Amino acid sequence: MEPVYGLPPVFRGPAADALPMSGQVNWGMEAFGVAALRARPHDPLTVGIVDTGVDDSHPLLSPNFKGARDFTGSPRGHRDVNGHGTHVSATVCGVDPRVGVAAGFPFVHGKGLGDGGSGGSGLISAMWYCIEQGAEVVSNSWGGGGQNPSWEAEFRKMNDAGVWLIFAGGNSGPNTPDTDWPGRSEQLINVAALNADLSPAAFSSAGAKIDTSGPGVGIWSARPGGGFVQMSGTSM
């Protein structure tokens, strides 16, 4: 039987039809000096996101959306009915610089997680789709199905192609024996979540291989159908 991988538990917060007209929206922008990073000379790269689909009509996402494909057989195609994929997509690339870290960068979306948030071999196909569309970084928020040696070989090929593979570490708390696989694979960059005071988030999984960490609590981003929603998790 094929292993099933899924989203870690996601903590959903309040929703809103609009963000404030001015001022800070997400605390991580200031805490991590994102504005200074953006000011450095750089060429926009294409980002790939493998998740539950995307609302590419959302105002934060439509200007820089470059394509999507469904690998789950969902009757909704690449559309996002779960909400997680749209939130993550705008957190990465949303055109409002108070929301999108790489604000306005082009992105593609491979829907490898079904509408209920789980997936199988389509996840690898979704990653390759993103890479074939020119993605140099691929963001993933899924795991937990057990180690798969054949997938390790696929990750190695992606690494050899010069692609950065980013994974959420999991939201099972500090008493877990390890972070989720595949994030703990040596082929991948495994990310933990922080509170606004830069302490580890209470839900963030612990383990021997955590490569980096970032804002993960109370993150505002896009909601399918319009508007915005706050979520917390290592995905953020």
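What you see is a predicted model, and the numbers here were worked out from it, not measured in a lab.

### Describing the sheet that holds strand β11 (residues 219–222)
Sheets are built from strands paired through backbone hydrogen bonds, the pairs being either parallel or antiparallel.
Then comes step 1: On the basis of which strands lie adjacent, the open sheet formed by three strands has the order β2-β12-β11 and antiparallel pairing. The two strands at the open ends of the sheet, each matched to only one other strand, are β2 (11–16) and β11. Direction aside, the axes of adjacent strands within the sheet are offset by 30° on average.
Then comes step 2: Bridge count between β2 and strand β12 (residues 228–232): four bridges; the pairing is antiparallel. Counterpart to alanine 16 in the pairing with β12 is phenylalanine 228.
Then comes step 3: Against the sheet, helix α3 (residues 84–93) touches β2, β11 and β12, its axis set at about 105° to β11.

### Remarks on helix α4 (residues 122–132)
Three- or four-residue spacings in an α-helix give side chains the same orientation, since the helix completes a turn every 3.6 residues.
Then comes step 1: With eight of 11 residues buried, α4 is to be regarded as a mostly interior element.
Then comes step 2: Taken residue by residue, α4 has Gly122, Leu123, Ile124, Ala126, Met127, Tyr129, Cys130 and Ile131 as its buried positions.
Then comes step 3: Just downstream of α4, glycine 134 is the residue with a positive phi angle, here 105°.

### A closer look at helix α5 (residues 149–160)
Then comes step 1: The terminal C-alpha atoms of α5, which comprises 12 residues, lie 17 Å apart, in line with the 16 Å expected from a rise of 1.5 Å per residue.
Then comes step 2: Structurally, α5 contributes buried residues whose contacts are with β1 (5–6), α4 and β8 (164–168).
Then comes step 3: With its phi angle positive at about 85°, glycine 162 sits one or two positions after the end of α5.

Cut-offs used in this document
Residues numbered from 1 in each chain as written. Predicted model: local features only at pLDDT ≥ 70, side-chain atom pairs only at ≥ 80, totals over all residues. Heavy atoms only, no water. Pairing = 2+ DSSP bridges. Helix = DSSP H or I, 4+ residues; strand = E, 2+ residues; numbered from the N terminus. Axes fitted to C-alpha atoms, helices over the stretch in contact; angles between N-to-C directions. Contact = heavy atoms within 4.5 Å. Buried < 20%, exposed > 50% of the residue type's maximum accessible area, 1.4 Å probe, protein only. Expected span 1.5 Å × (residues − 1).

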